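Here is what each chain is made of, one letter per residue.
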Amino acid sequence: MRTVKIVAEHAPFVLVRQGNRYAVVERRNARFYELRGGVRTPVPMSDSGFASAVGDNWCSESTARHRFADIVTRYTELAERMR
């Protein structure tokens with residue numbers, strides 16, 4: 001992934017940057033998944049796979065950081081309840 005840079009990661013979630021655009025995706029088992037409910041199709045860990053997982057969900061840095069913090073908090077809270 002030459003054009004996409006990882007900015008932050010926590011558990012399976014990754015905040016990434018491509019130029020001045022930002023997005024959050026899930027990364028598991030060497031695949032990317034888009035962040036949405038329902039059945040999600042895994043895509044390869046490549047620039048084209050990443051583009052498919054993000055779709056048109058690019059946003060500003062501040063919005064992406066807020067989404068990332070929110071999803072990480074919910075993920076952590078769920079994991080703690082499942083213990």
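Whatever comes next refers back to the structure up there.
The notes below deal with the structure included here. (Residues numbered from 1 in each chain as written. Predicted model: local features only at pLDDT ≥ 70, side-chain atom pairs only at ≥ 80, totals over all residues. Heavy atoms only, no water.)

**Describing helix H1 (residues 47-54)**
Reasoning step 1: Turning to H1, its buried residues number three or more, namely Gly-49, Phe-50, Ala-53 and Val-54. Around the axis of H1, the buried residues are gathered within 130 degrees of arc, so they sit on the same side.
Reasoning step 2: On its buried face, H1 sits against strand E2 (13-18), strand E3 (21-28), strand E4 (31-33) and strand E5 (43-44).
Reasoning step 3: One or two steps after H1, the chain reaches Gly-55, where phi turns positive at roughly 60 degrees. (Buried < 20%, exposed > 50% of the residue type's maximum accessible area, 1.4 Å probe, protein only. Helix = DSSP H or I, 4+ residues; strand = E, 2+ residues; numbered from the N terminus. Arc of directions from axis to C-beta. Contact = heavy atoms within 4.5 Å.)

**Some remarks on the packing of aromatic side chains**
Reasoning step 1: Counted under the stated rule, the structure contains 2 aromatic pairs.
Reasoning step 2: With a centroid separation of 5.3 Å and 75 degrees between ring planes, the pair formed by Phe-32 and Phe-50 is classed as edge-to-face. One end of the pair, Phe-32, is in strand E4; the other, Phe-50, is in helix H1, with 18 residues separating them in the sequence. For the pair shown, Phe-32 and Phe-50 are each scored as buried.
Reasoning step 3: What links up through ring pairs into an aromatic cluster is the set Phe-32, Phe-50 and Trp-58.
Reasoning step 4: Here the basic side chain of Arg-21 rests over the ring of Trp-58, its NZ or CZ set 4.2 Å away from the ring centre.
Reasoning step 5: Across the ring face of Tyr-33, the terminal group of Arg-28 is positioned such that the distance to the ring centre comes to 4.0 Å. (Phe/Tyr/Trp six-rings, centres within 6.5 Å; stacked < 30°, edge-to-face > 60°. Lys NZ or Arg CZ within 6 Å of the ring centre and 35° of its normal.)

**Section: the pattern of salt bridges**
Reasoning step 1: Counted by the stated rule, this structure contains 6 salt bridges.
Reasoning step 2: In this structure, Arg-28 and Glu-26 form a salt bridge, with 2.6 Å as the shortest nitrogen-oxygen distance.
Reasoning step 3: With relative accessibility at 31%, the residue Arg-28 sits in the partly exposed group.
Reasoning step 4: We classify Glu-26 as buried; its relative accessible area is 9%.
Reasoning step 5: Across the pair Arg-65 and Glu-61 runs a salt bridge, and its minimum N-O distance is 2.9 Å. (Salt bridge = Lys/Arg side-chain N within 4 Å of Asp/Glu carboxyl O.)

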